[in-house]
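Observations on the three-dimensional arrangement
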Amino acid sequence: MDMCSGSIFKKMLMFALPLMCSSILQLLFNAADIVVVGRFAGDNALAAVGSNTALINLLTNLFVGLSIGSNVLTARYYGAKQEKDLKETVQILTWMQAPEEVIGLAELYLRIYFVGMTATMIYNFGSAILRAIGDTKRPLYYLLAAGVVNVVLNLFFVIVCRLGVAGVAIATVI
């Protein structure tokens, strides 16, 4: 998307809408875990996953914030058609008062969830690069597909495999 010429309003809208939807979807992943585990795995499992929500949102937003730095450089080099600089930019790229009875489950969820943090970071950096060149739709599509897979796997791992907290964490990592 060429943001440097033509009508800016339509382009800004076409850029911003998928970006907003992507941010909402990313925050809803943990909510999907909470709904499924709360409905099918019991109160302690719900409390364990829920106790990590603020920390997960903090980490997700930290990675989003870090990716914005690469977004600025990527957009600058892409707009200036500085291919070499663009390639280099892309390359560079206690528990919070949880009840004692859920600490073990919360720890299990977080340990499994952290396995997927590298993939989350890669997604955020990749999305930032795509957004820097004006493509906000593909990150939204990838996230939407991941969200559907996450919910389906949440239900499978919790209901069929009876994995509870571990199940929703594994589904999120996948």
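Calculation criteria
- Residues numbered from 1 in each chain as written.
- Predicted model: local features only at pLDDT ≥ 70, side-chain atom pairs only at ≥ 80, totals over all residues.
- Heavy atoms only, no water.
- Patch = residues over 30% accessible without salt bridge, like charges linked within 9 Å, V, L, I, M, F, W, Y side chains within 5 Å.
- Areas by Shrake-Rupley, 256 points an atom, 1.4 Å probe, with all protein chains shown as cover.
- Salt bridge = Lys/Arg side-chain N within 4 Å of Asp/Glu carboxyl O.
- Helix = DSSP H or I, 4+ residues; strand = E, 2+ residues; numbered from the N terminus.
- Axes fitted to C-alpha atoms, helices over the stretch in contact; angles between N-to-C directions.
- Parallel < 35°, antiparallel > 145°, perpendicular 65-115°, else oblique.
- Contact = heavy atoms within 4.5 Å.
- Nonpolar A, V, L, I, M, F, W, Y, C, P; charged D, E, K, R; others polar.
- Buried < 20%, exposed > 50% of the residue type's maximum accessible area, 1.4 Å probe, protein only.
- Arc of directions from axis to C-beta.
- pLDDT = per-residue confidence, 0-100.
- Core = buried A, V, L, I, M, F, W, Y, C linked by side-chain atoms within 4.5 Å.

1. Observations concerning a nonpolar patch on the surface
A cluster of nonpolar side chains, namely I8, F9, M12, L13, L17 and M20, defines an oily patch on the protein surface of about 600 Å² accessible area. Considering the arrangement of structural elements, one finds M20 in helix α1 (residues 8-40).

2. Points about the packing of α1 against helix α2 (residues 43-50)
In contact at an axis separation of 8 Å, α1 and α2 are set at 170 degrees when each is read in the N-to-C sense. Classed by the angle they form, the pair α1 and α2 counts as roughly antiparallel. Across the interface between the two elements, N30, D33, I34, V37 and G38 from α1 touch A45, L46, V49 and G50 from α2. Among the residues forming the contact of α1 with α2, the class breakdown is 5 nonpolar, 3 polar and 1 charged.

3. Some words on α2
For an α-helix, 3.6 residues make a turn, and residues three or four places apart therefore share a direction. Within the sequence span of α2, burial applies to A45, A48 and V49. Down the axis of α2, the buried side of the element spans an arc of 90 degrees, and every buried residue falls inside it.

4. What about the pattern of salt bridges?
A side chain with one charge can pair with a side chain of the opposite charge if their charged atoms come near. All told, the structure shown has 1 salt bridge when counted by the stated rule. One salt bridge in this structure joins D135 and R138, with 2.5 Å as the shortest N-O distance.

5. Some points on helix α8 (residues 164-173)
Of all the 10 residues making up α8, 8 are buried; the element is thus mostly covered by neighbouring parts of the structure. G164, V165, A166, G167, V168, A169, A171 and T172 are the residues of α8 that are buried.

6. What about the confidence of the model for the chain?
Averaged over every residue, the pLDDT of the chain is 77; residues scoring 70 or more account for 81%. Element-level pLDDT for the chain is lowest in helix α4 (residues 83-92), with a mean of 66, against a maximum mean of 90 in helix α7 (residues 137-160). Confidence over residues 92-96 falls short of pLDDT 50; this stretch has 11 contacts with residues more than four positions distant or in other chains.

7. Remarks on unusual backbone geometry
Phi is positive for K81, close to 55 degrees, though the residue is something other than glycine. Along the chain, the position of K81 falls in the loop between α3 (53-79) and α4. Taking the relative accessible area as the measure of exposure, K81 reaches 68% and is therefore exposed. Even without a glycine there, the phi angle at R162 is positive, about 55 degrees. Tracing the backbone through its elements, the reader meets R162 in the loop between α7 and α8. The exposed category is assigned to R162, whose relative accessible area is 67%.

8. Digging into the nonpolar core
For soluble globular proteins, nonpolar side chains are generally found buried alongside one another. Ranked by internal contacts, the top residues of the largest apolar core, which has 18 residues, are V37, V49, I56, Y109, Y113, V165 and V168. Among the elements of the structure, α1, α2, α3, α5 (100-115) and α8 are those that each provide at least two residues to this core. With 5 residues, α5 is the single largest residue contributor to this core. Contacts of I56, omitting those with residues within four sequence positions, involve N30, Y109, L110 and Y113.

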